[in-house]
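Secondary and tertiary structure notes
Next come the chains, spelled out residue by residue.
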Amino acid sequence: MSEVKISAETRTEFGKGASRRIRREDKVPGVLYGHGTDPVHLALPGHELLLALRTPNVLISLDVDGKTQLAIPKAVQRDVLRQGILTHVDLLLVNRGEKVTVEIPVQTEGELAPGSNLLEHVLNTLPVEAEATHIPTEVTVSIAGLEAGASVLAKDVPLPSGSTLAIDGDAVVLQVLAAQAEEAPAESAEGDASAEA
């Protein structure tokens with residue numbers, strides 16, 4: 001789990017106009033909240049934040065007005081047309097040693113059993129509870145040799161130490177489907193009759 005240091009400024013102006021001004025300065029408007037504290041409105045450096053958010057559930061060490069606080073991204077909004085542009089971020093305050101519930105990306109490794117079977121990701125992410133400073137970046141599931149009809153349940157996914165499931169263990173994460181065979185179009189009776197004439 002990587003920890004990224006970012007300096008942020010508190011902001012006192014709100015609304016669309018203020019947000020546009022912040023974005024023109026290559027900054028991203030954001031809100032820091034949690035632990036029963038009042039929300040703190042921030043302006044964060046756009047490029048640094050974008051790089052940090054490439055890591056899922058990144059731990060951010062925020063320097064706000066000389067005070068350092070730990071936070072994780074809770075909600076990230078991006079420009080609809082230009083996904084590389086951040087428009088707003090919600091950050092959740094965390095403490096070292098505190099347990100948090102996060103969504104971890106599910107990766108697969110290996111090949112399915114021979115045949116034209118399809119792998120369906122029922123869940124692309126798995127909700128887990130982990131210590132705030134040791135959040136795993138992903139979980140990897142082996143699909144080697146799985147045949148049509150097979151499924152992988154949440155309780156079957158190997159979790160990194162210190163992490164526990166935050167979902168029913170019987171929830172389906174992956175399943176293998178048999179490929180649907182295409183039927184050849186049937187010759188019409190009229191076509192046969194016209195061919196004979």
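Below is a short write-up of the structure. Quantities reported herein were computed from a predicted structural model and do not represent experimental measurements. Numbers given to residues run from 1 along each chain, matching the order in which its sequence is written. Note on the predicted model: pLDDT of at least 70 is required for a residue's local features to be given, and 80 or more for side-chain atom pairs to be given and counted; whole-chain, interface and lining totals, by contrast, use all residues. Based on all heavy atoms of the structure, the side-chain values leave hydrogens and waters out of the count.

**Some points on the overall build of the protein**
The numbering of helices and of strands both runs from the N terminus, where a helix is a DSSP run of H or I of at least 4 residues and a strand a run of E of at least 2. Within the protein, the secondary structure is distributed over three helices and 13 strands. The burial tally for the protein puts 35% of its 197 residues in the buried class. On the protein, roughly 11700 Å² of surface is accessible, and the fraction owed to carbon and sulfur atoms is 50%. Think of it in three bands: with a 1.4 Å probe and only protein chains considered, a residue is buried below 20% of the maximum accessible area for its type, exposed above 50%, and partly exposed in between. Working definition of accessibility: Shrake-Rupley area with a 1.4 Å probe, residue cover restricted to the visible protein chains.

**Overview of the sheet that holds strand S9 (residues 125–131)**
Pairing in this open sheet of four strands is mixed, and the strands run S10-S7-S9-S12 from one edge to the other. Two strands in the sheet have a free side with no partner beyond their single neighbour: strand S10 (139–142) and strand S12 (164–165). Here strand S7 (residues 99–109) pairs with S9 via seven bridges, running antiparallel. Bridging across to S9, Thr-101 finds its partner in Glu-129. Note on pairing: two strands pair once DSSP finds at least 2 bridges between them.

**A look at the nonpolar core**
Buried residues of nine kinds, namely Ala, Val, Leu, Ile, Met, Phe, Trp, Tyr and Cys, make up a nonpolar core once their side-chain atoms join them within 4.5 Å. Within the largest apolar cluster, 24 residues are counted, with the highest numbers of intra-cluster contacts made by Ile-72, Val-94, Val-100, Val-102, Leu-126, Val-157 and Val-173. At the level of elements, strand S5 (67–78), strand S6 (86–94), S7, S9, S10 and strand S13 (172–177) are the ones that each hand at least two residues to this core. Tallying contributions element by element places S7 first for this core, with four residues. Ignoring any residue separated from it by four or fewer positions in sequence, one finds Val-94 in contact with His-35, Leu-59, Leu-70, Ala-71, Ile-72, Val-100 and Ala-132. Judged by nonpolar contacts, the second largest core, of 18 residues, contains Val-28, Leu-32, Leu-62 and Val-89. Contacts are assigned to residue pairs that have any heavy atoms within 4.5 Å of one another.

**Concerning the sheet that holds S5**
An order of S1-S3-S2-S6-S5-S4 is seen for the six strands of this closed barrel, with the pairing classed as mixed. Within the sheet, the average angular offset between the axes of one strand and its neighbour, ignoring direction, is 45°. In terms of strand pairing, strand S2 (residues 27–34) meets S6 through four bridges, oriented parallel. Directly across from Val-31, in S6, lies its bridge partner Asp-90. As a rule, the C-alpha atoms of each element are fitted with a line to give its axis, helices using only the stretch in contact, and angles between N-to-C directions run from 0 to 180 degrees.

**Comments concerning a positive patch on the surface**
Residues qualify for a patch when their relative accessible area is over 30% and they have no salt bridge, like charges being joined within 9 Å and the nonpolar side chains of Val, Leu, Ile, Met, Phe, Trp and Tyr within 5 Å. Salt bridge, as applied in this entry: a Lys or Arg side-chain nitrogen positioned within 4 Å of an Asp or Glu carboxyl oxygen. Only four residue types enter the charge count: Lys and Arg as positive, Asp and Glu as negative, with His and the chain ends excluded. By convention, the point assigned to a charge is CZ for Arg, NZ for Lys, CD for Glu and CG for Asp. Where like charges cluster on the molecular surface, the positive patch consists of Lys-16, Arg-20, Arg-23 and Arg-24. Its location among the elements puts Arg-20 in helix H1 (residues 16–24).

**What about the pairing of S5?**
Sheet topology places strand S4 (residues 59–64) next to S5; five bridges connect them, and they run antiparallel. Across the sheet, residue Val-64 finds its bridge partner in S5, namely Lys-67. Here S4 folds back onto S5, and the loop between the two strands holds two residues, one of which, Asp-65, carries a positive phi near 50°. As judged from the eight bridges shared by S5 and S6, these two strands associate in the antiparallel manner. Paired with Leu-70 across the two strands is Val-94, which belongs to S6.

**Observations regarding the side chain of Ser-163**
Among the structural elements, Ser-163 can be located in the loop between strand S11 (151–153) and S12. Setting aside its immediate chain neighbours within four residues, Ser-163 contacts Glu-129, Ala-130 and Pro-136.

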